[in-house]
Amino acid sequence: MRLEPIANPSLVRRVGLPAAALALTVLMASLLALLAGANPFATLGLIVKGAAGSKFALLETLNRATPLIFTGLAVAVAFRAKLWNIGAEAQLYAGAIVTVLLGTGALPLPSALLLPVIALAAMVAGALVLLGPVLLKTRAGVDEVVTTLLFNFIMLLFVSLLLEGPLKDPMGMGWPKSPALEKAARLPRIVEGLRLHWGFALAILSALAVWVIQTRTTLGYEIRAVGLNAEAARFAGIPVGRVMIKTAVLSGGLAALAGFSEVAGLKGNLTLDLSPGFGYTGIIVAMLALLNPLGVVLSAIFVAGVFVGADSMSRAAGVPTYIADILTATALLTMVLAIRLTRTKIRWR
Amino acid sequence: MDILEIILTASFWAAAVRIASPLIFATLGELICERAGVLNLGIEGIMVIGAFTGWMTVYLGFGLWTGVLVAMLAGMLFGLVHATLTVPFGLSQHVVGLGVTLLATATAAFAYRLSLPEVTSPPKIVPFQPLPVPGLSELPLIGPAFFAQTPLTYLAFVLIAVVSVVLYRTPLGLALRAAGENPASVEAQGLSVTAMRMGAVIVGSGLMAIGGAFLTMSAFSSFFFEMVNGRGWICIALVVFGAWRPGKAALGALLFAAFDALQVRLQQTPMGAYVPYQVFLMVPYILSILALVLMSRRAEVPAALMVPFNKGER
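Worth saying up front: this structure is predicted, and the values here are computed from it rather than measured.

Draft legend 1. Structural context of the packing of aromatic side chains. Taken as a whole and judged by the stated rule, the model has 14 aromatic pairs over all chains. Measuring from centroid to centroid gives 5.4 Å for Tyr322(A) and Phe225(B), while their planes differ by 85 degrees, and the two rings are edge-to-face. In this pair, Tyr322(A) sits in the loop between helix 12 (293-317) and helix 13 (323-343) while Phe225(B) sits in the loop between helix 10 (193-219) and helix 11 (231-241), so the two residues belong to two different chains. Relative to Trp13(B), the ring of Phe12(B) lies with its centre 5.1 Å away and its plane at 80 degrees, an arrangement referred to as edge-to-face. With relative accessibility at 2%, the residue Phe12(B) sits in the buried group. Within the aromatic cluster, the residues linked to one another by ring pairs are Tyr322(A), Phe52(B), Trp55(B), Tyr59(B), Tyr112(B), Phe223(B) and Phe225(B).

Encoded structure:
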């Protein structure tokens, strides 16, 4: 078989194929429900209801989407430049550590000043964590996929070290957790009484900012050029190494905001299970959005909905909650295939 | 002083070889994929699925070797998914590989919960037992290290030789390497690059899964969600460290395992009292990064690694 590009894919292809990918994912969900001895329709219904069936469910989904928007943006920005940042998990924790360091009474500032200072410092920390692998890539030719992946494990051990040592909560009854943030360092709720914090608004703003950077600035143009063809970009006088570094700062900073927002907005302290793989799920979010920053918001809400819905379905129907992980991974794989097929046709000899 | 004492014990070397075994399986698997031109980032998840299916098969009452076979087949199935998407369809090997890792890990977790809904701690199986080679196992240091291991470890070492011979001494190996260096030349020989690469990814994934199965069936006798713990990514670093050669990569795995065995033992020494244990646990990951830094400049990367092949396109 051979693949031939299609210059102008028809509307049927552009809508039909992604829809088919989604249908395959739903089919997979039904199959898994059957395997678990549950009614597929009831299971799907419970997932949807658990994700969006009530005001509470919807807010829970938006809360879960918040860190995913940040990590999704981090991945989208990096992948656009073909910088394979698989280390959003590590950068997230770097942001969380800084949030705890500065938010537990180290800075005597009013909330309106303290929060931006912490957010910025968190971004710097996240950027620094990604700069290591990126400098190894640009200076020593070390593939960043493996180094960023390995950094995730190193960072998790480092967090564990901190939580059992210098950052340990003396009132924590021996649990490895940090002291709680002071009141001034907590992100308030957007509407009093509703469980949705300003981290969500910050995530939306970040998506808009990334969209502006990508479509309206020279840096955005350079990032795209480097991603499309680094050699050609170099030839055209674009400083590829420097663009990579700027991309890394942006990407690492965004991922760190996920840690900031989770600690300051939701949890109030740092534990080892702060992120159930938000960094990795961010890759799914970014790919489903075709690396478009505004699309990231929608796909993050979709992915978060699957997870929140599966949690509540699992309690009611007894299908293991890991169905959500299978479904999002399936959606990723079928969607990248569908997108490829919209732009190419298969020629059998 | 401490270090020297540790290195001179037989149990240290036995541990190093034991730790190296799963890495050897998975590193050889990854090496086969990459030699054919496909980076397989599914490795981490494929090791998880191998660890789970092998263990589950034995838990259900089948024999140990049946477990190894089932693990291999499960790995090959996910290899088929990876190969189909990356080879004929030429999708991004990064994205598909990570997708396969997430899918395989999630599948193992789902199947685990489905089959054991109530348990809090996973049941144990009777794993492979050490099978001392008569005579040779009596040798000092080398005996317990290499000749008093489980059958799966012996299999790992046999595979190093098999993979080397197939890669360098057979027409199949030549064609496989050519698919990763100069795919057009494979087509010129009348062979199919697609078939070559898909075959390599499927077989390689089978080996990765056996590496995972080693963890549950020869090392820990139980299945935990976090048990693979980055070993797959470490194996990718080992392939680079071994300059894409089976012997060197296996040697790298042994060296790496020796450091890992050493850090575990150093935790018990006075040094372990004032250095937090997490620092010791970081050692394998830091070593992997160091290995990459040291070897990346010199490495002879297969020329067509990560370059999709579309027939008739130039």
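Moving on from the model shown.
Draft legend 2. Local environment of the interface of chain B and chain A. In this assembly, 46 residues from chain B lie in contact with 47 residues from chain A. Contact with chain A buries area across many residues of chain B, yet Phe89(B), Val95(B) and Phe110(B) alone supply 16% of it, more than any other trio. Linking chain B with chain A are zero salt bridges, by the criterion used here. Linking chain B with chain A are seven residue pairs in polar contact (both at pLDDT 80 or more), by the criterion used here. When contributions to the side of chain B that touches chain A are tallied by element, the ones reaching two or more residues are helix 4 (64-86), helix 5 (93-115), helix 11 and helix 14 (277-296) of chain B. With 14 residues, helix 5 of chain B is the largest single contributor of residues to the side of chain B that touches chain A.

Draft legend 3. Fine view of the pattern of salt bridges. Residue and element names in this part refer to chain A. Taken as a whole, this structure holds six salt bridges over all chains when the rule is applied. Of the charged contacts in the structure, one is a salt bridge between Glu60 and Arg195, with a shortest N-O distance of 3.1 Å. Here Glu60 is found in helix 3 (residues 55-80), whereas its partner Arg195 is found in the loop between helix 6 (144-164) and helix 7 (198-216), with 135 residues between them in sequence. With relative accessibility at 19%, the residue Glu60 sits in the buried group. Exposure remark for Arg195: the relative accessible area of 35% places this residue in the partly exposed category. A salt bridge links Arg64 to Asp311; the shortest N-O distance between them is 3.1 Å. One end of the pair, Arg64, is in helix 3; the other, Asp311, is in helix 12, with 247 residues separating them in the sequence. Three or more residues joined by partner-sharing salt bridges are found here, namely Arg2, Glu4 and Arg347.

Draft legend 4. Representation of helix 3 (residues 43-59) of chain B within the structure. All names here are of chain B. The end-to-end C-alpha separation of helix 3 is 24 Å, in line with the 24 Å expected for 17 residues at 1.5 Å each. Extensive coverage of helix 3 is indicated by the burial of 16 of its 17 residues. Downstream of helix 3 by a residue or two, Gly61 has a phi angle that is positive, lying close to 110 degrees.

Cut-offs used in this document
Residues numbered from 1 in each chain as written. Chains lettered and ligands numbered in written order. Predicted model: local features only at pLDDT ≥ 70, side-chain atom pairs only at ≥ 80, totals over all residues. Heavy atoms only, no water. Phe/Tyr/Trp six-rings, centres within 6.5 Å; stacked < 30°, edge-to-face > 60°. Helix = DSSP H or I, 4+ residues; strand = E, 2+ residues; numbered from the N terminus. Buried < 20%, exposed > 50% of the residue type's maximum accessible area, 1.4 Å probe, protein only. Contact = heavy atoms within 4.5 Å. Buried area = accessible area lost by both parts, 1.4 Å probe. Salt bridge = Lys/Arg side-chain N within 4 Å of Asp/Glu carboxyl O. Polar contact = N/O pair within 3.5 Å; in protein donor to acceptor, adjacent residues only side chain to side chain. Expected span 1.5 Å × (residues − 1).

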